[in-house]
Every structure is written in C-alpha cells, then in structure tokens.
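Residue strings, one per chain:
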Amino acid sequence: MKTLKLIRTAAAVFVALAAGAAQATYIPFWDVTDTAVFDPLTVVPGGNVFPNPVLSNGDLSLRWGTPISAGVQSGLDIVNAPLQTVALGAVTPTTWITHLNFPIQAPTLSSVDIFSTLLLNPAGDTGALPGSITFHVKFIETPNNPGVGELCANGQAQNTGLNTAAGCADIFVIDSETANFSFIVPDMDGPGPDLAYEYFVSFTGAGFGPLSNAACAAAGAANGCRGFETSENLATTAVFNIEINAALVPEPGSIALFGLALASLGWVGRRRKQQ
C-alpha cells in the first residue's frame, strides 16, 4: 500500500491588513497562490535513481519502475495555478495531481508527501500568518492479472468498468475531501458600527466519489471511503479547489480577535498531529 500526504499551509489572512489602513472589512476579491511540490525526503523507496522513484521538473514530477513495453512509466505529476484573483463564492481550481497508470515491473512508489503552500491575501495586499492542514491519500497499485475468474482488487470483474483489458484499476483513497478554516477581518474603514466580516475558506477535491467496500479494504481504508480509481494505460487527474465566502458578524475586541487567530492555528495544528 502507498500513502500520499498532501500538506497545505493555510493563511489567517486578517493580519495582512496593516493597522490604520483605509480598508473596509468586506473584501470581495482575494489573491490566491497555492504551490504544491513533492518532498524529496519522503520518497520511498529513496535514492532518486531509476528504477526507483525519480524526481524531476522542480520536484513536480515522479517516475518509477521499468515499463513492461516501450512507453511511459508510472508516475505522478503536480500542476499549480499561478497567482489568481478569486471572487467570493467562486470555486476555483488551485492544484492538479495526475496519476499516470502504465504497466511496469517493480519497484514501485511506496510513499511520498506533497507539501502545498497557500498564500491568501486581500487583492493587492501582501502578508499572511501560516498554519497547516493535512490531507491523506492512500494508494494501491493493484495486480493487473489477478487470475482466471478472479476479481480485481476493487471487487469487480476484469474488463468491467475501470478494469480494462489492459489490467485492473489502481485505487486512491482520500481521508477527507474538504478542509475548512475561518478568520475575522476587523473594521478598518473609520467611524461607524462595530461590525466585521468572518471569512470561510474551504478546500474541496473534484473527481472523488464513494468507492466499493472491496476497493476501500484493498487500500486499507474503512467501508464507505471516498477516492478515485485509475484505469490502466490512462492518466487520471484529481483537482483541489478553493472557495472563500463571507458573513457579517459583530466586531470582536482586539484581544478576542488575537485569541481567534491563535485558536485557528491551534485547530490546524491539532489536525496535523492527528494524522
């Protein structure tokens, strides 16, 4: 079984607003940069020499194994969107992770971490206070030929659904398709009611869905898990999106606001320790 962890560095962005700036608390547009890379220190098996997994392209690509026939190796690719200005309520792709599923001879990738750094600021401003959120993905590269009359690891027959004539589908399981945090931006636009906006940030995965109990078990996950399967000789992509929304709230005092920031960071810290 292979375990792939996606670690996001989140931003409690209200600190990006300089004290005394003529900045209203309602911010309809946010600058977002989400940059993910493979962590070289976590690639297993290590060595970075073929046929073991080899990193390239600025730690954005992994390739492993000896191809059964001339062609593409098995691998993982990351593509990150450049800085983009995101409107409230807009579901916006930030990172694409593609699995290249091609027949190989061992060795195969065993595990790797993906580190993703998020910079989130009011449009035109800079600065952020980081935290971290971790997504776990379990990956199993299944046997392509389980035997005459035998089912593939996902519990379905060969040549059925994503199990093609070329072999059985590989299986990804994600522990959570969403991660959320919020923060409050205080009123900085001069005299007026003591009101502020709380901003809610959500990460969601596209391309995931419920998997069969057999597929979950094959990947070492509980029944009811969610993820995606990848057909042999194809490239399958999962997309991670960001969405930001806002709600009007009473403005907290500066001490309470600071406490909220610490609480937010404490929450993401606990999430990381629980992984």
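Residues numbered from 1 in each chain as written. Predicted model: local features only at pLDDT ≥ 70, side-chain atom pairs only at ≥ 80, totals over all residues. Heavy atoms only, no water.

In this chain, V44 is followed by P45 through a cis amide linkage whose omega measures 0 degrees. The topology assignment puts P45 in the loop between β2 (29-38) and β3 (54-56). Following A106, the chain continues into P107 via a peptide bond in cis, with omega recorded as 10 degrees. In this structure, P107 sits in the loop between β9 (104-105) and β10 (111-122). Not every positive phi belongs to a glycine, and N57 is a case in point at roughly 55 degrees. Structurally, N57 can be placed in the loop between β3 and β4 (61-64). (Helix = DSSP H or I, 4+ residues; strand = E, 2+ residues; numbered from the N terminus.)

A few words now on the pairing of strand β17 (residues 234-250). Of the strand pairs in this sheet, strand β8 (residues 92-101) and β17 are connected by nine bridges, and their pairing is antiparallel. Within β17, the residue paired with L100 across the bridge is A235. One ladder, built from twelve bridges, connects strand β14 (residues 195-206) with β17; its direction is antiparallel. Across the sheet, the residue bridging to V201 is I244, located in β17. (Pairing = 2+ DSSP bridges.)

With that out of the way, let us pick up the state of the cysteines. With the rule as written, the count across this model stands at two disulfides. Linked covalently through their sulfurs, C152 and C168 form a disulfide whose S-S length is 2.0 Å. Here the S-S torsion is close to -65 degrees, and the disulfide linking C152 with C168 is therefore left-handed. Of the two residues, C152 is situated in the loop between β11 (133-140) and β12 (170-174) and C168 in the loop between β11 and β12; the sequence distance between them amounts to 16 residues. (Disulfide = S-S within 2.5 Å.)

One pass over the full model with this rule turns up three aromatic pairs. Taking 5.0 Å as the distance between ring centres and 70 degrees as the angle between the ring planes, the aromatic pair formed by W30 and Y199 counts as edge-to-face. Placement of W30 in strand β2 and of Y199 in strand β14 is noted, with a sequence separation of 169 residues between them. Judged by its relative accessible area of 0%, Y199 is buried. Summarising the aromatic geometry, the rings of Y197 and Y199 are spaced 6.5 Å apart at their centres and angled 45 degrees between planes, so their arrangement reads as tilted. (Phe/Tyr/Trp six-rings, centres within 6.5 Å; stacked < 30°, edge-to-face > 60°. Buried < 20%, exposed > 50% of the residue type's maximum accessible area, 1.4 Å probe, protein only.)

Turning next to the pairing of strand β16 (residues 226-230). The buried fraction of β16 amounts to four of the five residues, a majority that puts the element mostly inside the structure. In the sheet, β12 pairs with β16 via five bridges, with the strands oriented antiparallel. In the sheet register, V173 faces β16, and the bridge partner there is G227. Bridge count for strand β15 (residues 209-210) against β16 is two bridges, and the pairing is antiparallel. Residue pairing across strands places P210 opposite R226, the latter belonging to β16.

With that out of the way, let us pick up the environment of P51. Mapped onto the elements, P51 comes out in the loop between β2 and β3. Overall, P51 belongs to the partly exposed group, its relative accessible area being 31%. In the structure, P51 is positioned 22 residues away from Q73 in sequence and 9.7 Å away in space, judged by C-alpha atoms. Those residues in contact with P51, other than ones at most four positions away along the chain, are W64, G65, T66 and P107. (Contact = heavy atoms within 4.5 Å.)

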